[in-house]
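For reference, the chains in residue letters:
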Amino acid sequence: MTDSKYFTTTKKGEIFELKAELNSDKKEKKKEAVKKVIASMTVGKDVSALFPDVVNCMQTDNLELKKLVYLYLMNYAKSQPDMAIMAVNTFVKDCEDPNPLIRALAVRTMGCIRVDKITEYLCEPLRKCLKDEDPYVRKTAAVCVAKLHDINAQLVEDQGFLDTLKDLISDSNPMVVANAVAALSEIAESHPSSNLLDLNPQSINKLLTALNECTEWGQIFILDCLANYTPKDDREAQSICERVTPRLSHANSAVVLSAVKVLMKFMEMLSKDLDYYGTLLKKLAPPLVTLLSAEPELQYVALRNINLIVQKRPEILKHEMKVFFVKYNDPIYVKLEKLDIMIRLASQANIAQVLAELKEYATEVDVDFVRKAVRAIGRCAIKVEQSAERCVSTLLDLIQTKVNYVVQEAIVVIKDIFRKYPNKYESVIATLCENLDSLDEPEARAAMIWIVGEYAERIDNADELLESFLEGFHDESTQVQLQLLTAIVKLFLKKPTETQELVQQVLSLATQDSDNPDLRDRGYIYWRLLSTDPVAAKEVVLAEKPLISEETDLIEPTLLDELICYIGTLASVYHKPPSAFVEGGRGVVHKSLPPRTASSESTESPETAPAGAPSGEQPDVIPTQGDLLGDLLNLDLGPPVSGPPLATSSVQMGAVDLLGGGLDSLIGGPNFVAPPAATVPANLGASMGSGLSDLFDLTSGVGTLSGSYVAPKAVWLPAMKAKGLEISGTFTRQVGSISMDLQLTNKALQVMTDFAIQFNRNSFGLAPAAPLQIHAPLSPNQTVEISLPLNTVGSVMKMEPLNNLQVAVKNNIDVFYFSTLYPLHILFVEDGKMDRQMFLATWKDIPNENEAQFQIRDCPLNAEAVSSRLQSSNIFTVAKRNVEGQDMLYQSLKLTNGIWVLAELRIQPGNPSFTLSLKCRAPEVSQHVYQAYETILKN
């Protein structure tokens, strides 16, 4: 009989009977009882009361019974830590058992018992097992170190287990090497700063040797580790590629993708002129094609990865178009993905084949697939110019089918074809206009309206067509309303005499009757343009449009490079970096491809720009929102505007002028009076001119008030850990006041109310200066943003690390706790500039052992730009001098608790690495001040 019988009983009083059976003298009866206990535990019954009786069964030679008891122990040790200590002796004994299976079982179970009290007892047995003569025990012990590190990192470091793990990389057994690599990678992920996997050519050689002999999962660990290594030159990269290539023929698709990842990464370092480069491209295609013969779920993952590979190196699969043709029985998600890749691979050589396929797909029954196929035909026209004519005639054939959704998609893509090839295919407009009545989707209606407005002079009844849309103006989506407004204004500028009423009507609908701010603003702008300067209106509205690019949905290059480093992981399926979906983002390191070596093609990189080039000095064209708001609050925009105040003038403008027949001027009407408000923007323009030029010139003195650098918001409390409440935030300092900018999102199914916040004692006494005020209840899926003012008069207690802040947030559901690190520069005060004599005296007075030196790398700014950028975050330059061609900046800053930090920043023109020396009476803040320098200068 099978073990299923253990799951069928549901008797009352069972615990008592099991207790008796567990203490039986008969081995068989004991084993039966333990099986029943495990079965009850599996279906969710609480059998923790039997803990002492089950632990007594550990003293046995029977391996099966021992496994069952260990299983029970792993499950209940957390809820019964005091009882679990009873089992420690048996573990220690089992770790010295003559049977290696029992030794390994003991060490595996020890790693799974996550109880602090027990961990220190397990160090000795683990140390012995790491040096065991049997490789099975050693490989199990290696993984146990990673588990122990997760429970108590400090203990693992103190006991020297990490060094033992590093030694295991040189082990003679390939499985031990693979597990040691896996354990070290796991630990390194949670501690990105620690350089645990210190890879060098010798250790890489050992890994490559082990690669041929270990199991498939071992191979994946080793390949993933190799992918994190940067070879010193192209020769080393080529030699690694040669040794990894055989893995491409492995049966396990995960091994194949990991090998592809390593090769894609190291190919970056190979010159395209090398014969080997061409050979490698040829070798990469067959394994990727083979992945497409697996089951649909694996095909989908392979296709998502191939999508990235094709964007990076289309030449790999350029001859393999046929494998991406859709099969009749492919699931929809595979079909859509194949379609995407077909378009990416489309070229002049294969376009005839591709178009024939796409035309076939457009007559399928699956609506989503047909839509995408029709779009694909349009994308092919835009990508391969020679095929444009055939694509357009194919689209016209499809429009003739009169299938509603096919017609709508065709119109959307024809609009893009007009944008790409102006004055070429406009003869089809008549056919499009015939289908006007059948359009019911916003995107198709908007595309058709755009075509009518853009080519109004070629369409005799353009005004009638647009008027037909205007009848249900308020029922249309915003996209259609905006398009309609612009189209009618275009029509008016082309045929002013015939369409005056129409334009008057649409402007009235957009400005008076609409409550959509985008629509209203656009309406007002057109109205003012038309009523003040018809010539300017023509230049703005009927300007030449730039041609649209070939591929609009390509992944941005730096993100693509990062995703190539994550081939074969979830990131490559989502097409998002891990930081976008890993909870909390702890331990997520941004990866990038290695730089090309000197022998490769020279690529222009920003580092090669000479130091002091304008790029370094100029602020960003678009300042971050935080900076811009800071500037606006601190800028005095020139002399006051003459005449009535701005607010009242804009009201006059809306109420009086906008519908007062101002349009007559365009057609030369007799009763045109210039609207009074039209003069206000002119005055305003003059007065704002000086202020706005300051706004973007951060070096002109006014701009220095912009407030310190604000980091982008990070998720501090994930919804999973707070019953649906997600909190993101950042810290800002503006004009002397510190605030915590929070974003609260309710991802639960119930309303959240009664919010309150409290900080634990911390190193600088940060505390909320006001209660957390959320005036309305937070409904499900709602997000609210709050700026919480902070002060530094709270209780002080030194934290580890120094800038750690522990926060409690309460709402009607529960109290939630999280901790975050605040950047130290929010504590730099505005009066932190020391005078020169004082600086000199203080520098000499602080003992030399308090001086700390740091390197700031990859910072292409010159001394002026550095000084100005640091000053906006309250790091003040006291003096500057030039010594032997180096710029020396002497700087001071003061923290909110009165601690002064003095700095010497050495900048060698042309060298993007700076040397920073810091002196302070409290040397523990130096590391955090250096981090603040890095953050401010690199963002």
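Everything below is about the structure printed above this text.
Values in this document were obtained by computation on a predicted structure and should not be read as measured data.

1. A short note on the pairing of strand 10 (residues 876-883)
1) Next: Alignment of strand 10 against strand 11 (residues 886-894), held across seven bridges, turns out to be antiparallel. For Lys-880, the partnering residue across the bridge sits in strand 11 and is Leu-889.
2) Next: Linking two consecutive strands that pair antiparallel, namely strand 10 and strand 11, is a turn of two residues; a positive phi of about 50° is found at Glu-884 within it.

2. Focus: the sheet that holds strand 10
1) Next: As summarised here, the arrangement of the five strands in space is 9-13-12-11-10, forming an open sheet in which the pairing is antiparallel. With one partner strand each, in any of the chains shown, strand 9 (851-856) and strand 10 form the two edges of the open sheet. Strand-to-strand, the axes of this sheet are offset by a mean angle of 20°, without reference to chain direction.
2) Next: The strands touched by helix 40 (residues 863-871) are strand 10, strand 11, strand 12 (900-907) and strand 13 (914-920); relative to strand 11, the strand with the most contacts, the crossing angle is about 5°.

3. Digging into the sheet that holds strand 1 (residues 714-717)
1) Next: The strand order across the open sheet formed by five strands is 1-2-3-6-5, and the pairing between neighbours is antiparallel. Each end of this open sheet is capped by a strand with a single partner; those strands are strand 1 and strand 5 (767-768).
2) Next: Relative to strand 6 (residues 783-791), strand 3 (residues 737-746) is paired through eight bridges, and the arrangement is antiparallel. Its bridge partner lying in strand 6, Thr-745 is registered against Thr-783.

4. Some details on the nonpolar core
1) Next: One finds Tyr-72, Phe-91 and Phe-418 to be the most contacted residues of the largest nonpolar core, which totals 215 residues.
2) Next: Structurally, this core is a two-domain feature, drawing no fewer than three residues from each of domain 1 (346-439) and domain 2 (441-532).
3) Next: Sequence-distant contacts of Phe-418, defined by excluding residues within four places in its chain, comprise Tyr-425, Glu-426, Val-428, Ile-429, Leu-432, Trp-450, Ile-451 and Tyr-455.
4) Next: Core analysis: the second largest hydrophobic core is formed by 64 residues, Phe-759, Phe-764, Leu-905 and Ala-922 among them.

5. Details of the side chain of Arg-103
1) Next: With respect to the helices and strands, Arg-103 occurs in helix 7 (residues 100-112).
2) Next: Every residue in contact with Arg-103, bar those within four places of it in the chain, is listed here: Asp-94, Cys-95, Glu-96, Asp-97, Pro-98, Asp-132, Glu-133, Asp-134 and Val-137.

6. Quick word on the packing of aromatic side chains
1) Next: Within this structure, the stated rule accounts for twelve aromatic pairs.
2) Next: Centroid distance Phe-839 to Trp-843: 6.0 Å. Interplanar angle 20°. Geometry classified as stacked. Placement of the pair is Phe-839 and Trp-843 together in helix 39 (residues 836-845), with a separation of four residues, close to one helical turn.
3) Next: Judged by its relative accessible area of 5%, Phe-839 falls in the buried class.
4) Next: For Trp-843, a relative accessible area of 18% gives the class buried.
5) Next: Measuring from centroid to centroid gives 6.2 Å for Phe-839 and Tyr-890, while their planes differ by 70°, and the two rings are edge-to-face. With Phe-839 in helix 39 and Tyr-890 in strand 11, this residue pair connects regions lying 51 residues apart in the sequence.
6) Next: Taken together through their ring pairs, the aromatic side chains of Trp-716, Phe-731, Phe-818 and Tyr-822 make up a single cluster.
7) Next: The ring of Phe-369 carries the charged tip of Lys-335 above its face, separated from the ring centre by 5.2 Å.

Analysis parameters
- As a convention, each chain's residues are numbered from 1 in the sequence order in which they are written.
- Local features in a predicted model are, by the rule used here, given only for residues with pLDDT of at least 70; side-chain atom pairs are given and counted only at 80 or more, and totals for whole chains, interfaces and linings are based on all residues.
- To get the side-chain values, take all heavy atoms of the structure and skip hydrogens and water.
- Strand pairing is assigned whenever DSSP detects at least two bridges linking the two strands.
- Each helix is a run of DSSP H or I of at least 4 residues and each strand a run of E of at least 2, with the numbering of both proceeding from the N terminus.
- Between N-to-C directions, angles cover 0 to 180 degrees, with each direction set by a line fitted to C-alpha atoms, over the stretch in contact for helices.
- Between two residues, a contact is recorded if the distance between any of their heavy atoms is within 4.5 Å.
- What is meant by a nonpolar core is a set of buried Ala, Val, Leu, Ile, Met, Phe, Trp, Tyr and Cys residues, joined one to another through side-chain atoms within 4.5 Å.
- Partly exposed describes any residue whose relative accessible area lies between the buried limit of under 20% and the exposed limit of over 50%, with all areas from a 1.4 Å probe on protein chains only and scaled to the type maximum.
- Just so you know, the domain bounds were taken from an automatic or database domain assignment.
- Within 6.5 Å between ring centres, the rings of Phe, Tyr and Trp (the latter by its six-membered ring) count as paired, and their orientation is classed by plane angle as stacked under 30 degrees, edge-to-face over 60, tilted in between.
- In this scheme, the term charge over a ring applies when either NZ of a lysine or CZ of an arginine sits within 6 Å of the ring centre and within 35 degrees of the ring normal.

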